[in-house]
Amino acid sequence: MSASVERERWELRADGDVGPLRFGMSPAEVAEALGVSEPEARVGGPYGQEDFPGGVKAFYDAGRLACIALDALAGPQVFLAGFPLAGSDPAQGHQFLLDHAAEHGNWVLYTPDASLSLTDLGILLREQRVGDALLTRPLFVKEEWLESEYFRDRLPLEGVPG
């Protein structure tokens with residue numbers, strides 16, 4: 001398995017927004033930007049979560065987009081300085097982020113589950129099990145959530161108790 005599988009490519013912008021999605025969008029605006037009328041699923045709990053076709057999950061804070069999680073294999077591909085953030089080897093992903101941070105002066109943070117974040121870019125690199133392999137699963141998170149230990153340590157928010 002590799003990140004070279006043909007998939008949609010999304011741009012990561014300096015403000016942390018990614019692809020057609022912008023932090024602060026309403027659920028209706030997210031669906032419209034993704035070209036669908038409705039999400040595949042809505043998940044209850046303390047945060048609004050919507051699952052969309054193509055491996056995209058949107059998380060909302062007070063009804064506004066606050067986090068975007070992309071599936072390691074099915075989600076769009078986002079590159080940072082030429083490195084594929086989705087579907088890569090986690091050790092290579094972590095080393096790339098550390099090297100990038102050293103070169104560009106990014107703020108690095110490890111979460112309790114050993115995920116690595118470049119907080120000033122709004123990137124949190126998690127692992128996702130796919131068969132017998134572990135692959136990178138990127139999350140793009142609004143700055144306030146990465147600055148908050150409560151939110152940061154619970155991302156993605158699937159399965160968080162109410």
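Residues numbered from 1 in each chain as written. Predicted model: local features only at pLDDT ≥ 70, side-chain atom pairs only at ≥ 80, totals over all residues. Heavy atoms only, no water.

Caption draft 1: Highlighting the pattern of salt bridges. Across all of its chains, the model carries six salt bridges by this definition. The salt bridge involving R42 is made with E50; its shortest N-O contact spans 3.0 Å. We classify R42 as exposed; its relative accessible area is 56%. Connected through salt bridges with shared partners, the residues E38, R42 and E50 form a single ionic network. (Salt bridge = Lys/Arg side-chain N within 4 Å of Asp/Glu carboxyl O. Buried < 20%, exposed > 50% of the residue type's maximum accessible area, 1.4 Å probe, protein only.)

Caption draft 2: Highlighting unusual backbone geometry. Phi at A62 is positive, roughly 55°, even though this residue is not glycine. Take A62: it is sitting in the loop between β4 (56-61) and β5 (64-70). One non-glycine residue, A114, lies in the positive phi region at around 70°. Tracing the sequence through the fold places A114 in the loop between β8 (108-110) and β9 (116-118). (Helix = DSSP H or I, 4+ residues; strand = E, 2+ residues; numbered from the N terminus.)

Caption draft 3: Up close: the sheet that holds strand β3 (residues 48-52). The eight strands are arranged β2-β3-β4-β5-β11-β10-β9-β8 in an open sheet whose pairing can be described as antiparallel. Because the sheet does not close on itself, it has two edges, and the strands there are β2 (41-43) and β8. Sheet twist, expressed as the mean angle between neighbouring strand axes with direction ignored, is 25°. (Pairing = 2+ DSSP bridges. Axes fitted to C-alpha atoms, helices over the stretch in contact; angles between N-to-C directions.)

Caption draft 4: Local environment of helix α2 (residues 90-104). With 15 residues, α2 extends 21 Å between its outermost C-alpha atoms, agreeing within 8% with the 21 Å of an ideal straight helix rising 1.5 Å per residue. Within the sequence span of α2, burial applies to P90, G93, H94, F96, L97, H100 and A101. Taken around the axis of α2, the buried residues stretch over an arc of 160°, which confines them to a single face. Exposed and facing more than 90 degrees away from the buried side of α2 are A91, Q92, A102 and E103. On its buried face, α2 is in contact with β6 (77-80), β7 (83-84), β8, β9, β10 (123-130) and β11 (133-141). Capping the start of α2, D89 holds a side-chain oxygen 3.1 Å from the backbone nitrogen of A91, two or three residues further along. Positive backbone phi, approximately 75°, marks G105, located one or two places after α2. (Expected span 1.5 Å × (residues − 1). Arc of directions from axis to C-beta. Contact = heavy atoms within 4.5 Å. Polar contact = N/O pair within 3.5 Å; in protein donor to acceptor, adjacent residues only side chain to side chain.)

Caption draft 5: Focus on the pairing of β11. When you tally the buried positions in β11, you get seven out of nine residues, the bulk of the element. Alignment of β5 against β11, held across three bridges, turns out to be antiparallel. By the bridge assignment for β11, C67 is matched with V141. Pairing of β10 with β11 involves eight bridges; the strand directions are antiparallel. When the bridges of β11 are listed, Q128 appears paired with L135. Counting the residues in the hairpin turn of β10 and β11 gives two residues, including G131, whose phi is positive at 65°.

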